Amino acid sequence: MRSQDDESAVAARVCDCFGEIYRRHFSSEWRVNHELPVEMRAFRRSDGWSVFLLLTPWMMARVFLPERDPGLQIASGWSAAERVAAPFQAIGPLLDFSILGGVQKAHLNYLPELGHFLLQPLVQSMEKYDSADAVFAAWDDVIRTRDRVMEQQKRECGWQKEVSRREFFARLAGNRAS
């Protein structure tokens, strides 16, 4: 990704790319919800990353697209050249990375159209949802429950709180792209 890409350009590239993945790898798969779209919501930029929620018929995930080289250690078998020649893999190896002063874990992925990016799967069982809004509403419930439990336990997780707050308010403001 290039740092000068605006949200609509990122959304178009991501949605086109994952729409093509759906057509090639999941369109006849019975374990996905064919009623759900490929949709991107809650876009923001943070610490050199474009961060957003990505809904597909097979999962919802938080995606981190680097706007510049983040200096990640690329696992064996995951260089760009190796991934182009390899079969599609929805979730790659787990990596640690830094964002907003904290360390997070996410799965390395590579697509020729997007380059290397990180993915945190959030919802992987999509069959019970009848719409994109239903998936995002369920995710909001998870966030509210987590925040309530953390408050009861007097625990702080600044990064999670900031990301969740931004995702929640972006949805309230109708921040979506598909």
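Residues numbered from 1 in each chain as written. Predicted model: local features only at pLDDT ≥ 70, side-chain atom pairs only at ≥ 80, totals over all residues. Heavy atoms only, no water.

## Looking at the overall build of the chain
Part 1: Each helix and strand counted, the chain has 4 helices and 7 strands in total.
Part 2: Across the 178 residues that make up the chain, the buried fraction comes to 46%.
Part 3: Considering only residue pairs separated by 6 or more positions, the chain has 56% of its internal contacts joining residues 24 or more positions apart.
Part 4: Accessible area of the chain: about 9,400 Å², with a carbon and sulfur share of 50%. (Helix = DSSP H or I, 4+ residues; strand = E, 2+ residues; numbered from the N terminus. Buried < 20%, exposed > 50% of the residue type's maximum accessible area, 1.4 Å probe, protein only. Contact = heavy atoms within 4.5 Å. Areas by Shrake-Rupley, 256 points an atom, 1.4 Å probe, with all protein chains shown as cover.)

## Some points on the packing of aromatic side chains
Part 1: Inspection of every chain in the model, using the stated rule, returns 8 aromatic pairs.
Part 2: Aromatic pair Phe 18 and Phe 117: ring centres 6.3 Å apart, planes at 75 degrees, arrangement edge-to-face. Here Phe 18 is found in helix H1 (residues 7-26), whereas its partner Phe 117 is found in strand E6 (residues 115-123), with 99 residues between them in sequence. In terms of burial, Phe 18 and Phe 117 fall into one category: buried.
Part 3: Ring-pair connections join several aromatic residues into one group, and the members of that group are Phe 18, Phe 26, Trp 58, Phe 88 and Phe 117. (Phe/Tyr/Trp six-rings, centres within 6.5 Å; stacked < 30°, edge-to-face > 60°.)

## A few points about the pattern of salt bridges
Part 1: Taken as a whole and judged by the stated rule, the model has 8 salt bridges.
Part 2: The partner of Arg 41 in a salt bridge is Glu 39, with the nearest N and O atoms 2.4 Å apart. Of the two residues examined, Arg 41 and Glu 39, each falls in the buried class.
Part 3: Through salt bridges with shared partners, a single network forms among Glu 20, Arg 23 and Arg 24. (Salt bridge = Lys/Arg side-chain N within 4 Å of Asp/Glu carboxyl O.)

## Points about the side chain of Arg 41
Part 1: Among the structural elements, Arg 41 can be located in strand E1 (residues 39-46).
Part 2: With a relative accessible area of 5%, Arg 41 lands in the buried category.
Part 3: A polar atom in the side chain of Arg 41 sits 2.6 Å from the side chain of Asp 133. (Polar contact = N/O pair within 3.5 Å; in protein donor to acceptor, adjacent residues only side chain to side chain.)

## Some details on the pairing of strand E4 (residues 94-99)
Part 1: On E4, burial follows the alternation: Leu 95, Phe 97 and Ile 99 on one face are buried, whereas Leu 94, Asp 96 and Ser 98 on the facing-out side are not.
Part 2: The sheet contact formed by E4 and strand E5 (residues 102-111) spans 6 bridges and is antiparallel. Looking at E5, one finds that Ile 99 is bridged to Gly 102.
Part 3: The antiparallel hairpin formed by E4 and E5 contains 2 residues in its connecting segment, where Leu 100 sits at a positive phi of about 50 degrees. (Pairing = 2+ DSSP bridges.)

## Quick word on the environment of Arg 83
Part 1: Structurally, the position occupied by Arg 83 is in helix H2 (residues 80-85).
Part 2: Using a relative accessible area of 12% as the deciding quantity, one classes Arg 83 as buried.
Part 3: Placed 26 residues apart in sequence, Arg 83 and Asn 109 show a C-alpha to C-alpha distance of 8.9 Å.
Part 4: With near-sequence residues (within four places) excluded, Arg 83 lies in contact with Gly 77, Trp 78, Gln 89 and Tyr 110.
Part 5: At 3.2 Å, the side chain of Arg 83 forms a polar contact with the backbone oxygen of Pro 87.

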